[in-house]
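# Observations on the model geometry
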Amino acid sequence: MLVGRWVQERALEKNRHQLLSRNKAPKEVHLVSDDLQTESNEPLESLLPGQRFRILPGEVVPVMAELETQKAALSMEWINGESAMRTLTNGQYVPSGSQNIGIEPILLNARQTWKDSLLSRLLETHPEEQRNPFLEKVLKVYLLTVLALAGLGAVTWAVVLQQPLSALQVVLSVLIVSCPCALGVAYPLAQEWAILQLRRKGVFVRSPILFNQLGKIRRAIFDKTGTLTLEAPALANEDALAGLDNENRPVLQEMVRASLHPVSRALREAMLRDARQEIHLPDDLKITEEVGMGLRAESASRGMVWSLGRPEWMSEGAGTQAGDMQCAFRLNGALLAGFRFNEAMREDAVDAIQSIHRSYPVTILSGDRVAKVRSMAEHLGLPPTSAIGEQSPEEKAAFVKGLGDDRALYIGDGANDSLAFSTAAVRGTPATPHGLLQDKADFYFTGRSLSGLLELFSVHKFDPNGLGRIVLNVRS
């Protein structure tokens, strides 16, 4: 029985961590020689102040560094929760944790070691006890009691009554009859069955004491960007794409395919929802980026230049403006389409937050601007006091710590949430392409909605009066 239980635990642990095999945090750095002629991949620990290194598109800057490229398009979403792009120029300092969202590599000069960087501190993990202390305590007391009774019976029959065979029979009877199958096997089996049901709904439980901890929490705290909202904004006027012909639309699709900018991701998703027959692109199509302005595609053979970026960029002649558009797609300066974007909230965020808020208070704790956080809270039906914005990682952690031990459920997705993560009693994160907190979370959820959280609470029936009662609602 014990061997079978051990094999079961090993298999469950392997499956539970299957989606955690790839950590999206940086693991090495592309060091560049002083003459910029050679490049080598080295461990982050080997990076020293004054060394040059290169960051490829989509990669994260591991340490604070000075920018040596003329311009760079960077996202600070992991650091302060802001999804908007920031343009830095030569000589400016690039914060640790910034992401290169341009289509070209950037060159930087390190100003600190990896150990001293903010990102290293935010990503630091500590081994946690992966056992159920309450169940272990109960089992320990129970087993000691059983062993004491078996020993007492052995002494009584073997020594006092002088019946050694009967003593052996008594010992075996006590041990077999009192086998703690319900506690040692049945309860963990029920728990694993609940975990299996959650996995089918897109919730992956990593901590075996999650259900115990859920019974203790008194407040739910959510990060905003990437948690209550999706990573990329949503295209507000998809009809603008419908007006593009079969010559210009494929060019736009190729331009956004090569870019990691949030606007490009939103356009790419919108075009994937309305797929059309593939049209061949110009053979000599060349895509470049003007940092801070947008993307440019040129075909010399056709004499055409397409641009996608700021509304005023590449504008020529009258009638090229389009009201309140935030991004313009042009051909030789003439406007082809103007796009507007909205912050994309998760599909069922309003219903999910309201459902959770009926059990205990919900707080939005974000590094984004206060006005945007309050607007989000209003949309979710939360009071203004539930919206706390412009918070640094340290301020987030202090807020969670101020609630007291075993009181906060924290849902976040970026490195700026890491310190608060370490302080919270229960920690969850959405599984995103470049999420950093899966290895530190008690659970994580997939998909575009928050329905997985409601499923977690339906499996675990928590007691709002503070009794910490655990009931596993196991469904067949």
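First, a word on what this report is: a plain description of the structure on this page. Residue indices follow the written sequence of each chain, beginning from 1 at its first position. Residues qualify for local features only when their pLDDT is at least 70, as the model is predicted, and side-chain atom pairs are given and counted only at 80 or more; totals for whole chains, interfaces and linings, by contrast, use all residues. Excluding hydrogens and water, the side-chain values take into account all heavy atoms of the structure.

The patch calculation keeps residues exceeding 30% relative accessible area without a salt bridge and links them within 9 Å when they carry like charges or within 5 Å when they are nonpolar (Val, Leu, Ile, Met, Phe, Trp, Tyr). Surface accessibility follows the Shrake-Rupley procedure with a 1.4 Å probe radius. Residue values consider only the protein chains on display as shielding. Basic side-chain nitrogens of Lys or Arg form a salt bridge, by our definition, when they fall within 4 Å of a carboxyl oxygen of Asp or Glu. Nonpolar side chains collect at one region of the surface, where Val155, Trp157, Val159, Val160 and Leu161 lie side by side and expose about 450 Å² of accessible area between them. Per the convention used, a helix needs a DSSP run of H or I reaching at least four residues, while a strand needs a run of E reaching at least two, with both numbered from the N terminus. Examined against the element boundaries, Leu161 turns out to sit in the loop between α4 (133-160) and α5 (164-177).

Next up on the list: α5. Helical geometry: 3.6 residues make up each α-helical turn, so side chains three or four residues apart lie on a common side. Taking 1.5 Å of rise per residue, 14 residues should cover 20 Å, and α5 covers 20 Å from first to last C-alpha, within 8% of that figure. For the exposure calls, accessible area comes from a 1.4 Å probe over protein chains only, and a residue counts as buried if that area is under 20% of its type's maximum, exposed if over 50%, partly exposed in between. For α5, the full list of buried residues reads Ala167, Val170 and Val171. Down the axis of α5, the smallest arc covering the buried residues is 95°, so these residues share one side. In this structure, α5 carries Leu165, Gln169, Ile176 and Val177 as exposed residues pointing more than 90 degrees from its buried face. Here, expected helix span is obtained from the residue count minus one, scaled by 1.5 Å. Read the arc as the range of directions from the helix axis to the C-beta atoms.

Further remarks concern the environment of Gln70. Relative to the elements of secondary structure, Gln70 occurs in the loop between β4 (65-67) and β5 (71-75). Spatially, the C-alpha atoms of Gln70 and Gly91 are 8.5 Å apart, while their sequence positions differ by 21 residues.

Looking now at the nonpolar core. To form a nonpolar core, buried Ala, Val, Leu, Ile, Met, Phe, Trp, Tyr and Cys residues must be joined to one another through side-chain atoms within 4.5 Å. Counting 36 residues, the largest nonpolar core has Phe222, Leu409 and Phe443 as the members making the most contacts within it. For this analysis, residues touch if any pair of their heavy atoms sits within 4.5 Å. Setting aside residues no more than four positions away along its own chain, Phe222 makes contact with Thr227, Leu228, Ile353, Ile356, Val362, Thr363, Ile364, Leu365, Ile411 and Leu453. One finds Ile103, Leu235, Leu267 and Leu308 within the second-largest nonpolar core, a separate group that totals 25 residues.

A few words on the pairing of β5. For β5, the buried fraction is high: four of the five residues fall into the buried class. Any two strands between which DSSP finds at least two bridges are classified as paired. Direction of pairing for β5 relative to strand β6 (residues 85-89): antiparallel, over a ladder of five bridges. Residue Leu74 lies in a different strand from β6, and its bridge partner there is Arg86. Pairing analysis gives two bridges linking β5 to strand β8 (residues 99-100), with the strands arranged antiparallel. Paired with Leu74 across the strands is Asn100, a residue of β8.

Residue placement: Pro26 occurs in the loop between α1 (2-16) and β1 (28-32). Considering only alpha carbons, one finds Pro26 and Val60, 34 residues apart in sequence, at a separation of 6.6 Å.

Reading across the sheet, the seven strands line up as β10-β23-β22-β21-β11-β19-β20 and stay open at both edges, with mixed pairing between neighbours. Lying at the two open borders of the sheet, with one neighbouring strand each, are β10 (203-205) and β20 (387-388). Pairing of strand β21 (residues 408-411) with strand β22 (residues 426-430), which is carried by three bridges, proceeds in the parallel orientation. Paired with Leu409 across the two strands is Val426, which belongs to β22.

A few words now on unusual backbone geometry. We note that Gln162 has phi near 55°; this positive angle belongs to a residue other than glycine. In this structure, Met314 takes a positive phi of about 60° despite not being glycine.

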